[in-house]
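If you want the building blocks of each chain, they are given just below.
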Amino acid sequence: MKKYIHIALITLVGLAFLGCGTSKVNGQAEPPFKVVEATFANLVNSELGIKETIVIIKIDNSNMKLDSLYFRNNKMSLVKDFSSSENIFLGSFTTSITSHDYILDSDPKQEFGNKPPVMVSKIPFELTDDEAVVSYFYKNKINYYKILAVKEMEIKD
């Protein structure tokens, strides 16, 4: 009986140590860069019925290339802004702001013209609205870094 208790204790302690590493986002604890600033802005085009979200990530390491960003249940590619002397990466995604009315009828011909629903893909991270995860390549391996505070920029007309 003591043998089973020892095995159970060893298993629980082993699982506890494995759980300690899950606070990282599948990558390094400290990336080879620092996020100096992470901001986003929403641009609404009511004529087209869309909202474009633009994300700006500024880092301190000019040798790093950021690959993509997961933000607000969307994944976007990041592109370096070469017009700036700073290390700035830009990304954007659009979402619909118009509600869709669907025709539901027992006759399928009456439903012709209904647009299929837009399927939102599930990202592999659990994030709040002000958190993001950036992916980057370091030593030929993809790594992830969680940004805890992405601030909204105020856009003046």
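Residues numbered from 1 in each chain as written. Predicted model: local features only at pLDDT ≥ 70, side-chain atom pairs only at ≥ 80, totals over all residues. Heavy atoms only, no water.

(A) A look at the overall build of the protein chain. Counting its secondary structure elements, the protein chain contains 1 helix and 9 strands. Scanning the protein chain from its N terminus toward the C terminus, one meets helices and strands in the order α-β-β-β-β-β-β-β-β-β. Taking all 157 residues of the protein chain together, 25% fall into the buried category. Sequence separation of at least 24 residues holds for 55% of the intrachain contacts in the protein chain that already meet a minimum separation of 6. (Helix = DSSP H or I, 4+ residues; strand = E, 2+ residues; numbered from the N terminus. Buried < 20%, exposed > 50% of the residue type's maximum accessible area, 1.4 Å probe, protein only. Contact = heavy atoms within 4.5 Å.)

(B) The arrangement of the side chain of E131 in detail. Assignment of secondary structure puts E131 in the loop between β6 (87-96) and β7 (132-138). Here the side chain of E131 touches T128 through a polar contact of 3.2 Å, landing on its backbone nitrogen. Sequence-distant contacts of E131, defined by excluding residues within four places in its chain, comprise Y70, F71, E126, K146, I147, L148 and V150. (Polar contact = N/O pair within 3.5 Å; in protein donor to acceptor, adjacent residues only side chain to side chain.)

(C) Quick look at the sheet that holds strand β2 (residues 50-59). Sheet architecture is open: 5 strands sit in the order β5-β6-β2-β1-β9, paired in mixed fashion. Each of the sheet's edge strands pairs with one partner strand only, and the pair in question is β5 (79-80) and β9 (151-152). (Pairing = 2+ DSSP bridges.)

(D) Structural detail: the pattern of salt bridges. Taken as a whole and assessed by the stated rule, the structure comprises 2 salt bridges. A salt bridge links K58 to E86; the shortest N-O distance between them is 2.6 Å. Of this pair, K58 sits in strand β2 while E86 sits in the loop between β5 and β6, and the two are 28 residues apart along the sequence. K146 serves as the salt-bridge partner of E131, at 3.6 Å between the closest nitrogen and oxygen. Of the two residues, E131 sits in the loop between β6 and β7 while K146 sits in strand β8 (residues 141-147), which places them 15 residues apart along the sequence. (Salt bridge = Lys/Arg side-chain N within 4 Å of Asp/Glu carboxyl O.)

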